[in-house]
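Remarks on the overall topology
In case you want the letters, here they are:
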Amino acid sequence: MSTHHDLLASCWTWAGDVGPGDQDQRSPVPLPERIEALAASGWRGVGIQHADLVELRDTIGLPRLREQLEDAGIERIELEFLSDWWERGTARATSDRRLDDFLEAAAQLGAPALKIGACHLGAGRSEAPEPVAFAADLHRIAERADAFDLTLALEAMADTNLPTFGDAVDLIRAVDHPRAGLAVDIYQLARSGDDDVTLLPALLEDVTVAVVELGDAPVGADGVAPRCLPGRGDLDMAGFVVAMIDAGWDGFWGVEIIADELRALPVAQGLSEVRAGVDVALARAQEIRDARP
């Protein structure tokens, strides 16, 4: 198992002082500085979220973006994040336009995966969609993605109508489309109580995994952002890595850190510290595997 060539910085991990709750989600850090920071600490993949994607498309252009990332050693680009694909009316139209942007980017950047979410529930949010219609809508966008060799990575989250990982697995099985896959995120597993990672190999036996994400957080963390730098929290990253390898995963390890302490650091320092913490977990995972009979 490599600990050097297979790490991918999710969109927020290399964005600087910005996060998913901000009104303007474009990175405030110039792209050359961000790319230089990636190369300096040996990352081999990145996630790009929609606001940054559109900004870069409309300024330097996606072919130039791909060239600059490849020159820095980036081998994989993942796209983030599509929601509201199950809605109707204006919300559906907005989501479909965003999907158009992602499909164009997949074609020009060679991106193989797009992270998507489920229906957020609660005060001021949507009611859960009817299950058959929900599955049909996921099949609909999987059909569109298929024409672009793009796999959807559905992420279970505690405050959505797919609150547990098992719920997301069940939906992917029901949709039964080769472009409908899963995002397996250690933080979201812990947040929803799916923290027995030894169950993952059996759960994932007959479904597609498109994205895997490492991270760290203190015990009891909830919501999107109360995470921390790897190694400073309580999540068992090494155990998660072992379980995912046992489940057959041999792709990139995404690293998603959404935390105030990361936002406060210069991008180069932040990427270096995140990398160092994850490398410790990967080395520990290798030790666990090597110690097996």
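Refer to the structure presented above.
What counts, and at which threshold
- Residues numbered from 1 in each chain as written.
- Predicted model: local features only at pLDDT ≥ 70, side-chain atom pairs only at ≥ 80, totals over all residues.
- Heavy atoms only, no water.
- Core = buried A, V, L, I, M, F, W, Y, C linked by side-chain atoms within 4.5 Å.
- Buried < 20%, exposed > 50% of the residue type's maximum accessible area, 1.4 Å probe, protein only.
- Helix = DSSP H or I, 4+ residues; strand = E, 2+ residues; numbered from the N terminus.
- Contact = heavy atoms within 4.5 Å.
- Phe/Tyr/Trp six-rings, centres within 6.5 Å; stacked < 30°, edge-to-face > 60°.
- Axes fitted to C-alpha atoms, helices over the stretch in contact; angles between N-to-C directions.
- Parallel < 35°, antiparallel > 145°, perpendicular 65-115°, else oblique.
- Left-handed = near helix turned anticlockwise from the far one by under 90°.
- Nonpolar A, V, L, I, M, F, W, Y, C, P; charged D, E, K, R; others polar.
- Expected span 1.5 Å × (residues − 1).
- Pairing = 2+ DSSP bridges.

What follows is about the nonpolar core. Among the nonpolar cores identified, the biggest contains 90 residues, and Trp14, Leu69, Leu79, Leu138, Phe240, Met244 and Trp253 are the most heavily contacted of them. Here this core gets 8 residues from one element, more than from any other, and that element is helix H9 (residues 237-246). When near neighbours in sequence (up to four residues on either side) are disregarded, Leu138 contacts Trp85, Ile116, Leu152, Leu154, Leu171, Ile172 and Val175.

Let us look at the packing of aromatic side chains. In the structure shown here, the tally under the stated rule is 3 aromatic pairs. Here the aromatic rings of Trp85 and Trp86 are separated by 5.0 Å at their centres, their planes lie at 85°, and the arrangement is edge-to-face. With centroids separated by 4.9 Å and ring planes inclined at 25°, the aromatic side chains of Trp85 and Phe134 adopt a geometry described as stacked. Placement of Trp85 in the loop between strand S3 (76-82) and helix H4 (89-109) and of Phe134 in helix H5 (residues 131-146) is noted, with a sequence separation of 49 residues between them.

The next subject is the packing of H5 against helix H6 (residues 165-175). The contact between H5 and H6 brings their axes to 9 Å, and the two run at 70°. With respect to each other, H5 and H6 are oriented roughly perpendicular. For the element pair H5 and H6, the recorded crossing hand is right-handed. On H6, the residues touching Phe134, Ala135, Leu138 and His139 of H5 are Leu171, Ile172 and Val175. Partitioning the contact of H5 with H6 into residue classes produces 6 nonpolar, 1 polar and no charged.

Attention shifts here to helix H11 (residues 267-290). Along its 24 residues, H11 runs 34 Å from first to last C-alpha, staying within 8% of the 34 Å computed at 1.5 Å per residue. Turning to H11, its buried residues number three or more, namely Val267, Gly270, Leu271, Val274, Arg275, Gly277, Val278, Ala281, Leu282 and Ala285. Buried residues along H11 sit in contact with strand S1 (7-9), helix H1 (31-40), strand S7 (209-214), H9, strand S8 (253-255) and helix H10 (260-263).

On to the sheet that holds S1. Here we have 8 strands rolled up into a closed barrel, ordered S1-S2-S3-S4-S5-S6-S7-S8, and parallel in their pairing. When strand polarity is set aside, the average angle formed by the axes of neighbouring strands in this sheet is 30°. Examined bridge by bridge, strand S2 (residues 45-49) and S3 share 5 bridges and lie parallel to one another. Within S3, the position partnered with Gln49 by the bridge is Glu80. Packing against the sheet, H9 makes contact with strand S6 (180-185), S7 and S8, and its axis sits at approximately 165° to S7. Its contacts with the sheet place H11 against S1, S7 and S8, and it is angled at close to 145° to S1.

With burial as the criterion, each face of strand S4 (residues 113-116) is covered, one bearing Ala113 and Lys115 and the other bearing Leu114 and Ile116. In this structure, S3 lies alongside S4, joined through 4 bridges in parallel fashion. Bridged to Glu80 within S4 is Lys115. Pairing of S4 with strand S5 (residues 151-155) involves 4 bridges; the strand directions are parallel. Each bridged residue has a counterpart across the sheet, and for Leu114 the counterpart in S5 is Leu152.

Read these as layout, nothing more, since geometry by itself doesn't imply function.
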